[in-house]
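# Tertiary structure, described
Here is what each chain is made of, one letter per residue.
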Amino acid sequence: MNEILNNIKQRRSVRAYTKQQISETDLNTILEAALYAPSGMNYQTWHFTAVQNNDKLQLLNDCIKKAFAKSDDLHLQERGSNQSYCCYYHAPTLVIVSNESTQWWAAMDCACAIQNMFLAATSLGISSCWINQLGTTCDDDLVREFITELEVPKNHKVYGCIALGYADNNVFLKKKVIKEELITIVR
Ligand SMILES: Cc1cc2nc3c(=O)[nH]c(=O)nc-3n(C[C@H](O)[C@H](O)[C@H](O)COP(=O)(O)O)c2cc1C
């Protein structure tokens, strides 16, 4: 199997990380891969905010939890008050992927960029996971104030984040099971 197909099959969502930070070169390579993703009309209106400061990541998590605590959803309320809840699994790097919400393809563009970053990371031996919690809370006042400080553009919505780091190999990764009958070929 060629390297790219092998890389696609190797990528997994990792939810436990060591404290080891990824190198600046690797971070730049991963971010550059995002920039090469396709985008509707080639508008490239997205923005990538990479956060590697542990204190800021914890503060971001606190803001998200405060937003969850205000939710009507009991499951989110529970997360909001859970001391140990960390939406980014304590990964040393989090890339916030945002876009102009007025572009109807904004989410799709971001998803393409995110998958490019996942695959670039996998090829470098770096683990990753899509983190959705900022997507649902980015318009909460406190969260917005905090991400504005991080320089996420004010007119952007967050469509996803990616946790990046080295997998804690003590944590078991479930075997990937591919569902059947998902493909139709009409000839
Ligand atoms: C749009 C999207 C949102 C996701 N959000 C989260 C998330 O917030 N937290 C998380 O742990 N995993 C998240 N995931 C990862 C999925 O749970 C994961 O891709 C799926 O279970 C398949 O596992 P795999 O990625 O290891 O193949 C998300 C994936 C996608 C595509």
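In what follows, the structure referred to is the one given above.
Counting of residues starts from 1 at the beginning of each chain's written sequence and follows it residue by residue. Only residues with pLDDT of at least 70 are given local features in this predicted model, and only at 80 or more are side-chain atom pairs given and counted; all residues enter the totals for whole chains, interfaces and linings. Hydrogens and waters are ignored; side-chain quantities use all the structure's heavy atoms.

## As for the packing of aromatic side chains
Each aromatic ring pair is specified by the distance between its two centres and by the angle formed by the two planes. Two aromatic rings from Phe, Tyr or Trp, using only the six-membered ring of Trp, form a pair when their centres are within 6.5 Å; if the ring planes differ by under 30 degrees the pair is stacked, by over 60 it is edge-to-face, and anything between is tilted. Across all of its chains, the model carries 4 aromatic pairs by this definition. Taking the centre distance of 5.6 Å and the plane angle of 55° together, the rings of Trp46 and Phe48 count as tilted. In this pair, the class of Trp46 matches that of Phe48, namely buried. Both rings, one in Phe68 and one in Tyr85, keep their centres 6.3 Å apart while their planes meet at 50°; by these two values the pair is tilted. With Phe68 in helix 3 (residues 54-69) and Tyr85 in the loop between helix 4 (74-81) and strand 2 (93-100), the pair connects residues that are 17 residues apart, well separated along the chain. One exposure class covers both Phe68 and Tyr85, and it is buried. Cluster of aromatic residues (ring-pair linked, three or more members): Tyr43, Trp104 and Trp105. In this scheme, a residue with accessible area under 20% of its type's maximum is buried, one over 50% is exposed, and one in between is partly exposed, where area comes from a 1.4 Å probe on protein chains only. The helix and strand labels rest on DSSP assignments: H or I over at least four residues marks a helix, E over at least two residues marks a strand, and numbering proceeds from the N terminus.

## A look at the pattern of salt bridges
Definition used for salt bridges: Asp or Glu carboxyl oxygen within 4 Å of a side-chain nitrogen of Lys or Arg. Throughout the structure, instances matching the rule amount to 3 salt bridges. The residue Asp140 makes a salt bridge to Lys70 at a minimum N-O spacing of 2.7 Å. Of this pair, Asp140 sits in the loop between helix 6 (133-137) and helix 7 (141-149) while Lys70 is found in the loop between helix 3 and helix 4, placing the two residues 70 residues apart along the sequence. Note on Asp140: relative accessible area 16%, which makes it buried. Assessed through its relative accessible area of 58%, Lys70 is described here as exposed. In this structure, Asp139 and Arg144 form a salt bridge, with 3.1 Å as the shortest nitrogen-oxygen distance. Judged by relative accessible area, which is 15%, Arg144 ranks as buried. One connected set of salt bridges, linked through shared partners, spans Asp139, Arg144 and Lys157.

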